[in-house]
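# Observations on the model geometry
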Amino acid sequence: RAASSSPRHVVERVLSKALVKQAVNPQNKHIKAASGYGLGWAVQKAGAMASHSGSDGTYAWMDPKRKVVGLLLTQSPGGKIPRVEFRKLVNAACDK
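Parameters at a glance
- Residues numbered from 1 in each chain as written.
- Predicted model: local features only at pLDDT ≥ 70, side-chain atom pairs only at ≥ 80, totals over all residues.
- Heavy atoms only, no water.
- Helix = DSSP H or I, 4+ residues; strand = E, 2+ residues; numbered from the N terminus.
- Buried < 20%, exposed > 50% of the residue type's maximum accessible area, 1.4 Å probe, protein only.
- Contact = heavy atoms within 4.5 Å.
- Areas by Shrake-Rupley, 256 points an atom, 1.4 Å probe, with all protein chains shown as cover.
- Lys, Arg positive; Asp, Glu negative; His and termini not counted.
- Charge placed at Lys NZ, Arg CZ, Asp CG, Glu CD.
- Patch = residues over 30% accessible without salt bridge, like charges linked within 9 Å, V, L, I, M, F, W, Y side chains within 5 Å.
- Salt bridge = Lys/Arg side-chain N within 4 Å of Asp/Glu carboxyl O.
- Pairing = 2+ DSSP bridges.

Counting its regular elements, the chain contains 2 helices and 6 strands. Mapped in sequence order, the helices and strands of the chain form the string β-β-α-β-β-β-β-α. By the burial criterion, 25% of the 96 residues in the chain qualify as buried. Excluding contacts between residues fewer than 6 apart, the proportion of contacts in the chain whose partners are at least 24 apart in sequence is 18%. Of the roughly 7400 Å² of accessible surface on the chain, 57% is carried by carbon and sulfur atoms. Side chains of the chain give 16 positive and 5 negative charges; the mean places of these two sets differ by 8 Å.

Attention now goes to a nonpolar patch on the surface. A cluster of nonpolar side chains, Val14, Leu15, Leu19, Val20 and Leu39, forms an exposed patch at the surface whose accessible area comes to about 440 Å². Relative to the elements of secondary structure, Leu39 occurs in the loop between α1 (17–23) and β3 (42–43).

The 4 strands are arranged β3-β4-β5-β6 in an open sheet whose pairing can be described as antiparallel. Two strands lie at the open edges of the sheet, namely β3 and β6 (68–72), each paired on one side alone.

The next subject is the environment of Gly47. If you trace the backbone, Gly47 turns up in the loop between β3 and β4 (50–53). Sequence-wise, Gly47 and Asp63 are 16 residues apart; in three dimensions their C-alpha atoms are separated by 8.6 Å. Among residues more than four places away in sequence, those in contact with Gly47 are Asn25, Pro64 and Lys65.

A few words now on the pattern of salt bridges. If charged atoms from side chains of opposite charge come close, those side chains can pair. Applying the stated criterion to the full structure yields 1 salt bridge. Between Arg66 and Asp95 there is a salt bridge whose closest N-O contact spans 2.1 Å. One end of the pair, Arg66, is in the loop between β5 (59–63) and β6; the other, Asp95, is in helix α2 (residues 83–95), and 29 residues separate them in sequence.

Moving on to the side chain of Thr74. Its location among the elements puts Thr74 in the loop between β6 and α2. Aside from chain neighbours lying at most four places away, what touches Thr74 is Asp56, Gly57, Thr58 and Pro82.

Structure follows, in structure tokens:
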């Protein structure tokens, strides 16, 4: 366990660094059809932003250069899916 910047929180690694690296990097070396995908994540190139989305608006993404992780959990069947607007708002907040 490693203490985070807040004394009230404790950070514990759940996934190994090696597994995370594989998950967010293209796996087409092993599976040709996996071009553009890691292990469950859409990713265009190694070390770049990776994302995963669900059918009803759920959206998760990570940007290693900015050290940002965004997670939007929603159920919007047949309605407006807010993932693009959510990502814009997070990016705007990070740019301030």
